[in-house]
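Structural overview for review
Single-letter residue listing:
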Amino acid sequence: MDNKIVDMHGNPRQQTQPPVSDFWFAQVDVRLGRIEFMVSRLERQIWLIVCGCAGLLIFEIVKALSGGAS
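Described below are features of the structure shown in this document. This one's a predicted model, so the numbers in the text were calculated from it and none came from an experiment.

Observations regarding the overall build of the protein chain
- The number of helices and strands found in the protein chain is one helix and zero strands.
- Going through the 70 residues of the protein chain one by one, you find that 0% of them count as buried.
- Taken as a whole, the protein chain presents about 7,100 Å² of accessible surface, with 65% of it coming from carbon and sulfur.

So, in structure tokens, the structure goes:
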């Protein structure tokens, strides 16, 4: 791969090794992916509960407005 990173004056910059290994980054990536999956699943469950409660509330309002309060 060509060295295409240059500093502000146009001189090529030396490539240095990252301070930690790629394995560590892969582990962090996997853990963050799992956390994101659990958060999205929790978000869907919360929306399902909210929509269900809103639906029940609408049914109760219609029932009360139609005169079936007893």
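So that's the structure; there's more coming.
Describing the state of the cysteines
- In total, this model carries zero disulfides according to the counting rule given.
- The thiol of Cys 51 is unpaired, and the distance to the nearest cysteine sulfur, on Cys 53, comes to 9.5 Å.
- A residue is classified by how much of its surface remains accessible, and Cys 53, at 47% relative accessible area, is partly exposed.

Regarding helix H1 (residues 22–65)
- Taking 1.5 Å as the rise per residue, H1 with 44 residues should run 64 Å; its terminal C-alpha atoms sit 64 Å apart, in good agreement.
- Residue Gly 67 follows H1 closely and has a positive phi angle near 90°.

Points about a nonpolar patch on the surface
- A surface patch of nonpolar side chains, about 410 Å² in accessible area, is lined by Leu 42, Ile 46, Trp 47 and Val 50.
- The class for Leu 42 is partly exposed, based on a relative accessible area of 46%.

About the cut-offs
Residues numbered from 1 in each chain as written. Predicted model: local features only at pLDDT ≥ 70, side-chain atom pairs only at ≥ 80, totals over all residues. Heavy atoms only, no water. Helix = DSSP H or I, 4+ residues; strand = E, 2+ residues; numbered from the N terminus. Buried < 20%, exposed > 50% of the residue type's maximum accessible area, 1.4 Å probe, protein only. Areas by Shrake-Rupley, 256 points an atom, 1.4 Å probe, with all protein chains shown as cover. Disulfide = S-S within 2.5 Å. Expected span 1.5 Å × (residues − 1). Patch = residues over 30% accessible without salt bridge, like charges linked within 9 Å, V, L, I, M, F, W, Y side chains within 5 Å. Salt bridge = Lys/Arg side-chain N within 4 Å of Asp/Glu carboxyl O.

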